[in-house]
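# Structural description and commentary
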Amino acid sequence: MAEKKIRTIAILTSGGDAPGMNAVIRAVVRAGIKNGLNVKGIERGYAGLLNEEIVDFSTESVKNIIERGGTMLYTARCAEMMHTSGQKRAAEILKDHEIDALVVAGGDGSFRGAETLAANGVKVIGVPCTIDLDIGSTDYTIGFDTAVNTAMEAVDKIRDTSTSHERCSIIEVMGRSAGYLALWCGIASGAEEILLPELYDGDEQAIIDRITESRQKGKKQFILINAEGVGHSASMARRIEAATGIDTRATILGYMQRGGSPTCRDRVCASVMGDMAVQLLLNGKYNRVVSLKDGSYTDFDIHEAASMTKELDEELIRIPYALKR
């Protein structure tokens, strides 16, 4: 029997928001409608799906959103999707609403949810949206460029006042288990120290010794970029100040990194990946994750993508030390 033709698709955004999610929504809606599909939006991620918060989209629904940060569909965590009962109910709700395929924009956790839906007979496409840049199946994730530029600009401003007061500044950026934001921000801002969750060995005394040695050589201010996964920035600042006698302040950038108008790169990448998600479904390809690999847009089986890992680029790790004064 011939496979049922896809007539209606839906999109949801899940997990932490990322600049560029709205551009993905816009691309999916416009590409879908242009190709004769009905397109629906599911508000508040998987939680909204289980609550049947489903809305109809038109091309007008997504006008003037490409430049907006956050997600117009909202997002929420959903513990129920961790359980088989929740996963089966989500699949049944999609069937009841005659939704033939689902586009999921989010990170690793969102893709795990999509993978369980695929196991329950739902046709899914994943679009990588996370500021953490930590999805193994793609070299780039939507939102990273905006977030790292936001962090870099904040560090530049903090350096100005840190220089004025001859101060040591610890700036904590996001990244619980992935240090990509910290590493890129640290390189771009010329930070004296970069602490990454993948590499930090807890040797705080070594940092203190390097700051003390630099001060003896005449350096007046210091910037230390600390990833959220290392954390404890405030207490670290107190200990460094006590050990060195240098005024030391901690600044946690927090959720400001998730917000703001997406950069050109994030808007373009989101537009391409959103359109690609629709094209895959139209061509009968589903249970895939859209990716950018080696400079080309491609796609992977969702189960294969889930098993792929990503490590920090060793050359990028080398650069801060190669350029240190």
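Scope of this entry: the structure provided in the associated data block.

### Observations regarding the packing of helix H6 (residues 180-188) against helix H11 (residues 314-322)
Contact geometry for H6 and H11: axes closest at 10 Å, N-to-C directions at 35°. Between H6 and H11 lies a crossing of left-handed hand. Note on element contacts: H11 touches H6 through Leu316, Ile317, Ile319 and Pro320, opposite Leu183, Trp184 and Ile187. For the contact of H6 with H11, the per-class residue count stands at 7 nonpolar, no polar and no charged.

### Notes on the layout of surface pockets
The space that makes up the largest pocket amounts to roughly 890 Å³. What lines the largest pocket is a set of 37 residues, among which Gly15, Gly16, Arg77, Gly109 and Arg176 lie closest to the centre. Within the residue set of the lining of the largest pocket, elements represented by two or more residues are helix H4 (108-119) and strand S6 (168-173). Among the elements that take part in the lining of the largest pocket, H4 stands out by supplying 6 residues, more than any other. The residue makeup of the lining of the largest pocket, split by class, is 12 nonpolar, 15 polar and 10 charged.

### A closer look at the pattern of salt bridges
Per the stated rule, a full pass over the model turns up 17 salt bridges. The residue Lys40 makes a salt bridge to Asp56 at a minimum N-O spacing of 2.5 Å. With a gap of 16 residues between them, Lys40 in strand S2 (residues 38-42) and Asp56 in strand S3 (residues 54-56) connect regions that are remote in the sequence. Residue Lys40 is classed as buried on the basis of its relative accessible area, which comes to 18%. Residue Asp56 is classed as exposed on the basis of its relative accessible area of 57%. It is possible to trace a salt-bridge network through shared partners that takes in Glu43, Arg44 and Glu53.

### Observations concerning a nonpolar patch on the surface
Side chains of Val268, Val272 and Tyr297 sit close together on the surface and give an oily, nonpolar patch of about 220 Å² of accessible area. Structurally, Tyr297 can be placed in strand S11 (residues 296-301). The exposure class of Tyr297 is partly exposed, given its relative accessible area of 34%.

### Some words on the nonpolar core
Judged by nonpolar contacts, the single largest core of 62 residues is most densely connected at Ile9, Val24, Ile25, Phe57, Val127 and Ile225. Sorting elements by how many residues they give to this core places helix H9 (residues 264-282) first, with 8 residues. In contact with Val127, not counting residues within four places along its chain, are Val24, Val103, Val104, Ala105, Gly106, Phe111, Ile142, Met273, Ala277 and Val290. Ala10, Ala90, Leu94 and Ile302 belong to the second largest nonpolar core, which has 28 residues in total.

### Some remarks on the sheet that holds S2
On the basis of which strands lie adjacent, the open sheet formed by 7 strands has the order S3-S2-S1-S4-S5-S10-S11 and mixed pairing. Each edge of the open sheet carries a strand with a single partner, namely S3 and S11. Pairs of neighbouring strands in the sheet enclose a mean axial angle of 25°, with direction left out of account. The sheet contact formed by strand S1 (residues 8-13) and strand S4 (residues 101-106) spans 5 bridges and is parallel. Residue pairing for S4: Ile9 is matched across the bridge by Ala101. Each of S1, S4, strand S5 (123-128), strand S10 (288-293) and S11 touches H9; the most contacted strand, S10, lies at about 140° to it.

### Thoughts on the side chain of Ser291
Residue position: Ser291 is located in strand S10. Judged by its relative accessible area of 0%, Ser291 falls in the buried class. Here the side chain of Ser291 touches Ser137 through a polar contact of 3.0 Å, landing on its backbone oxygen. If sequence neighbours within four positions are ignored, Ser291 has contacts with Ser137, Thr138, Met273, Ser296, Tyr297, Thr298, Asp299 and Phe300.

### A closer look at H4
The terminal C-alpha atoms of H4, which comprises 12 residues, lie 17 Å apart, in line with the 16 Å expected from a rise of 1.5 Å per residue. Looking at the buried side of H4, the elements it contacts are helix H2 (45-50), helix H3 (84-96), S4, S5, S10 and helix H10 (302-307). Following H4 by one or two positions, Gly121 has its phi on the positive side, about 90°.

### Some thoughts on the packing of aromatic side chains
Evaluation of the coordinates by the stated rule reveals 2 aromatic pairs. Ring centres of Tyr140 and Phe144 lie 6.4 Å apart, and the angle between their planes is 80°; this geometry places the pair in the edge-to-face category. Ring centres of Phe144 and Trp184 lie 5.4 Å apart, and the angle between their planes is 85°; on these two criteria the pair is classed as edge-to-face. Of this pair, Phe144 sits in helix H5 (residues 144-164) while Trp184 sits in helix H6, and the two are 40 residues apart along the sequence. The exposure class of Phe144 is buried, given its relative accessible area of 3%.

### What to know about the pairing of S6
Counting buried positions along S6 yields 6 of 6 residues, so the element is predominantly enclosed. Two strands pair when backbone bridges link them, and S6 and strand S8 (residues 222-227) are joined in this way by 6 bridges, in the parallel orientation. Of the residues in S8, the one forming a bridge with Val173 is Ala227.

Rules behind the numbers
Note that residues are indexed from 1 along each chain, following the sequence as it is written. For a predicted model such as this one, the threshold for reporting local features is a pLDDT of at least 70, and the threshold for listing and counting side-chain atom pairs is 80 or more; totals across whole chains, interfaces and linings nevertheless cover every residue. To get the side-chain values, take all heavy atoms of the structure and skip hydrogens and water. Only the contacting stretch of a helix is used when fitting its axis, a line to C-alpha atoms as for every element, and angles between N-to-C directions run 0 to 180 degrees. Only DSSP runs of H or I covering at least 4 residues are called helices, and only runs of E covering at least 2 are called strands; the numbering of each starts at the N terminus. Crossing chirality is assigned from the near helix's rotation relative to the far helix, an anticlockwise turn below a right angle marking it left-handed and a clockwise turn marking it right-handed. The contact criterion used is simple: two residues touch if any of their non-hydrogen atoms lie within 4.5 Å. Under the scheme applied here, ten amino acids are nonpolar (Ala, Val, Leu, Ile, Met, Phe, Trp, Tyr, Cys and Pro), four are charged (Asp, Glu, Lys and Arg), and all others, including Gly, are polar. Grid spacing is 1 Å over the protein atoms alone, the probe is 1.4 Å, and a cavity is where that probe fits but cannot get out, while a pocket is an open set with protein on both sides within 12 Å along at least five of seven lines and lining residues have an atom within 4 Å of a point. Grid points are joined across faces, edges and corners, and a volume is the space filled by probe spheres set on the points. Throughout this description, the term salt bridge denotes a Lys or Arg side-chain nitrogen within 4 Å of a carboxyl oxygen of Asp or Glu. For each residue, the accessible area found with a 1.4 Å probe, counting protein chains only, is set against the maximum for its type, and the residue is called buried under 20%, exposed over 50%, and partly exposed in between. Put simply, a patch holds well-exposed residues, over 30% relative accessible area, that have no salt bridge, with like charges counted together within 9 Å and Val, Leu, Ile, Met, Phe, Trp or Tyr side chains within 5 Å. In this description, accessible areas are obtained by the Shrake-Rupley approach with a 1.4 Å probe, and a residue is regarded as covered only by the protein chains that are shown. Residues belong to one nonpolar core when they are buried, are Ala, Val, Leu, Ile, Met, Phe, Trp, Tyr or Cys, and are joined through side-chain atoms within 4.5 Å. A strand pair is defined by DSSP finding two or more bridges across the two strands. N or O atoms closer than or at 3.5 Å make up a polar contact, with two conditions inside protein: a donor-capable atom paired with an acceptor-capable one, and, for residues adjacent in sequence, both atoms drawn from side chains. Expected span of a helix, by definition, is 1.5 Å for each gap between consecutive residues, and there is one gap fewer than residues. Here the aromatic set is Phe, Tyr and Trp, taking the six-membered ring for Trp, and pairing holds for ring centres within 6.5 Å; pairs whose planes are under 30 degrees apart are stacked, those over 60 apart are edge-to-face, and all others are tilted.

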